[in-house]
Amino acid sequence: MNQEDWRALLRKRGVLYPVNHPLPPGFAKMGRREFVKIAGATGAALAVGAGSLGCQPGVPRISGSGPAPDPEERELALLAVDEARSAGAGYVDVRISRHWNERVGTREQQITNVSKSDSYGIGVRALVGGSWGFSATREVSRDAVAAVAREAASIAAANDRIAPSETVLAPVDPVPDGRWVTPHEVDPFTVSVEEKADLLFRANRAAMAVAGVQFVSSNIGSVKESRLVATSEGSVIQQTFVRTNPSMNITAVSSDRSDFQSRGSVAEPAGRGWEYVVGLDFPGNAPRWAEEAVMKLTATPVDPGTWDLILHPSNLWLTIHESIAHPTELDRTLGYEANYAGTSFIFPPEEALNNLRLGPDFMTFIGNRTEEGGCATVGWDDEGVAASAWPIIEDGIFVNYQTTREQAAWIADQTGVRNSLGCAYGQDWSSMPFQRMPNVSLMPGAEDLSEADVIAATDHGILVEGRGSYSIDQQRYNFQFSGQVFWEIRHGRKYQMLRDVAYVGRTPDFWNSMAMIGGPGTYYLGASSGDAKGQPVQSNAVSHGCPIALFHDVDIINTA
């Protein structure tokens, strides 16, 4: 890749690298290991002009980019560190967090749900010998915090006596005053329930005005979290995360009441504020979504067989999530998720890394905690590791997993990367951090091909829009995905709407059949607001960006 290619890649990751500053010597020709080393650097690596690699433009990971920690919380966090250390812990990290959740739901012109909740507490994780212990409490007095810290160290010591193990934490530079806030213009919690309901009611009325539509439901979810992380290595990091999650589902019913069809999945969760919801223009777009629901009633059932497949990014992101992002979690690969959510076909690491071809030469996936608007975007992870971006699949070859500080050493000999890639996360103060998925995104093509260009290159195919039902096996190898809207493509044009479509395949075969990808103009950020993992189960919000893509000779089934 030349320097302009790398600049384009960085821009797509939300990193602005000014044109009047040349990239560092050798950057244009650097390989994967060098890219990861730079992308994972903490502090002000490559800092010039408006931003730095791994940083959000205009929101630098330095003191002053967000509110300072509450003095009492800071004191309690450091007290917990000291108490756990005095109880025998070799390493300690502490999280004090407050979580706010709100949901406003409607159906037609009725409010169906208004819910608000908040949760506040402290969690302490301690390492004794090579074993972990964890304890948490919602009582944040000095005595309660000290007791929880000592309990975490005691649990770790007991675990180490019963099942001693070796744990090597990857090095990380301490961040004594880290501050970061999700880039947003309007805090959704400053917007009244009445204003949110009014927007939903206007959208519902617009959808109901379309003949054939019988039911409409819509929701706006809002999440905000204040999270303070302190470690025994000297980091004190205050972050505020903001996410919004608007949704709408429109149902049309046939005149003889024999069939109904719905159009949902019209928008994605995002690490953005209220301005994102307003910008989606639900009232303006609702008639189009409603018309699609009505059209599905008389759409032609698909003929099962082999078709070329065009996946709009509003559908493709979920396929990425299930078949690329999940199987590249290192703990899943090594069997730690086997009892709950399966393992991975990308195994064993020493054979898969730098050898396994998962797609054509133009296919590159980037893992990141830096993508603007991403639900997994942060300033630092729960171990104080700075957000970064790194290749997971480069030029079609699998080159790296997702790692935490503990996991980095497990594959360092194969990857040459000894630092954590910043994937530690606990869903709240009462949850122990472990490896969670970052944003995982498919890079757009170097040529700025449009959706129309990809359709024009297809003679006999199906265009799929929106996420639908899916299933995938315990190794993320065999899958089936559906969607919301399906168009038959004949001789480079949309011919008719289809229904009852699902595509099936095996992960390596499917991705190796990718024949064309759109350019940056087709790039779209899909997301899941609740990705479950672990026992006890934890939830993580995550985004996946991608362009439109064409796949050859894909097996299509009729779901009816």
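In this report, the structure presented in the accompanying data block is examined.

1. Considerations on the overall build of the protein
- Helix and strand counts for the protein come out as 14 helices and 23 strands.
- Restricting to contacts in the protein with at least 6 residues of sequence separation, those with at least 24 account for 75%.
- On the protein, roughly 21500 Å² of surface is accessible, and the fraction owed to carbon and sulfur atoms is 49%.

2. Re the nonpolar core
- By size, the foremost hydrophobic cluster in this structure holds 49 residues, and its most contacted members are L309, I462, W511 and F551.
- Broken down by element, the residue count for this core peaks at 6 residues, all from helix α8 (residues 313-325).
- Beyond its immediate sequence surroundings of up to four residues, W511 is in contact with L316, T319, I320, S323, I324, L358, G359, P360, M363, F365, L442 and F551.
- Ranked by size, the runner-up nonpolar core spans 27 residues in total, among them A197, A252, V266 and A286.

3. Focus on unusual backbone geometry
- Between F347 and the following residue, P348, the backbone shows a cis peptide bond with an omega angle of -5°.
- By secondary structure assignment, the location of P348 is in the loop between α9 (330-333) and α10 (349-352).
- The step from Q535 to P536 runs through a cis peptide bond, and the omega angle for that step is 0°.
- The topology assignment puts P536 in the loop between β21 (524-533) and β22 (538-546).
- Of note, E108 is a non-glycine position whose phi angle comes to about 50°, a positive value.
- With respect to the element layout, E108 can be found in the loop between β1 (91-107) and β2 (110-128).
- One non-glycine residue, D395, lies in the positive phi region at around 55°.
- With respect to the helices and strands, D395 occurs in the loop between β11 (389-394) and β12 (397-398).

4. Quick look at the pattern of salt bridges
- Taken as a whole and assessed by the stated rule, the structure comprises 28 salt bridges.
- The closest approach of N and O atoms between R227 and E225, which form a salt bridge, is 2.3 Å. As far as burial versus exposure is concerned, R227 and E225 are alike and both buried.
- One salt-bridge network, held together by shared partners, links D93, R95, R125 and E383.

5. Details of the pairing of strand β10 (residues 365-368)
- Because side chains alternate across β10, one face comprises the buried residues F365 and G367, and the other comprises I366 and N368, equally buried.
- Two strands pair when backbone bridges link them, and β10 and β11 are joined in this way by 4 bridges, in the antiparallel orientation. In the strand pairing of β11, G367 is matched with W390.
- One ladder, built from 4 bridges, connects β10 with strand β15 (residues 439-442); its direction is antiparallel. Its bridge partner lying in β15, F365 is registered against L442.

6. A few points about the environment of P438
- Along the polypeptide, P438 turns up in the loop between β14 (434-435) and β15.
- Distance from P438 to N368, taken between C-alpha atoms, is 5.7 Å for residues 70 residues apart in sequence.
- Apart from residues no more than four positions distant in its own chain, P438 is found in contact with N368, R369, A376, W390, Q402, C423, V542, S543 and H544.

7. Comments concerning the sheet that holds β15
- Reading across from one edge, β12-β11-β10-β15 is the order of the 4 strands in this open sheet, with antiparallel pairing throughout. This sheet does not close on itself; its edge strands, each paired only once, are β12 and β15.
- Along the sheet, α8 contacts β10, β11 and β15; its crossing angle with β15, the most-contacted strand, is approximately 115°.

8. So, the packing of aromatic side chains
- A complete count under the given rule lists 16 aromatic pairs for this structure.
- The interplanar angle of 15° and the centroid separation of 4.2 Å between the aromatic rings of F510 and F551 together place this pair among those described as stacked. Of this pair, F510 sits in helix α14 (residues 507-512) while F551 sits in strand β23 (residues 549-558), and the two are 41 residues apart along the sequence.
- A relative accessible area of 4% places F510 in the buried class.
- Among the aromatic residues, those joined into a ring-pair cluster are F365, Y470, F479, F481, Y503, F510, W511 and F551.
- One Lys or Arg, R125, reaches over the ring of W132 and ends 4.0 Å from the middle of that ring.
- The side chain of R490 reaches across the aromatic face of Y495, ending 3.8 Å from its centre.

Thresholds, definitions, all that
Residues numbered from 1 in each chain as written. Predicted model: local features only at pLDDT ≥ 70, side-chain atom pairs only at ≥ 80, totals over all residues. Heavy atoms only, no water. Helix = DSSP H or I, 4+ residues; strand = E, 2+ residues; numbered from the N terminus. Contact = heavy atoms within 4.5 Å. Areas by Shrake-Rupley, 256 points an atom, 1.4 Å probe, with all protein chains shown as cover. Core = buried A, V, L, I, M, F, W, Y, C linked by side-chain atoms within 4.5 Å. Buried < 20%, exposed > 50% of the residue type's maximum accessible area, 1.4 Å probe, protein only. Salt bridge = Lys/Arg side-chain N within 4 Å of Asp/Glu carboxyl O. Pairing = 2+ DSSP bridges. Axes fitted to C-alpha atoms, helices over the stretch in contact; angles between N-to-C directions. Phe/Tyr/Trp six-rings, centres within 6.5 Å; stacked < 30°, edge-to-face > 60°. Lys NZ or Arg CZ within 6 Å of the ring centre and 35° of its normal.

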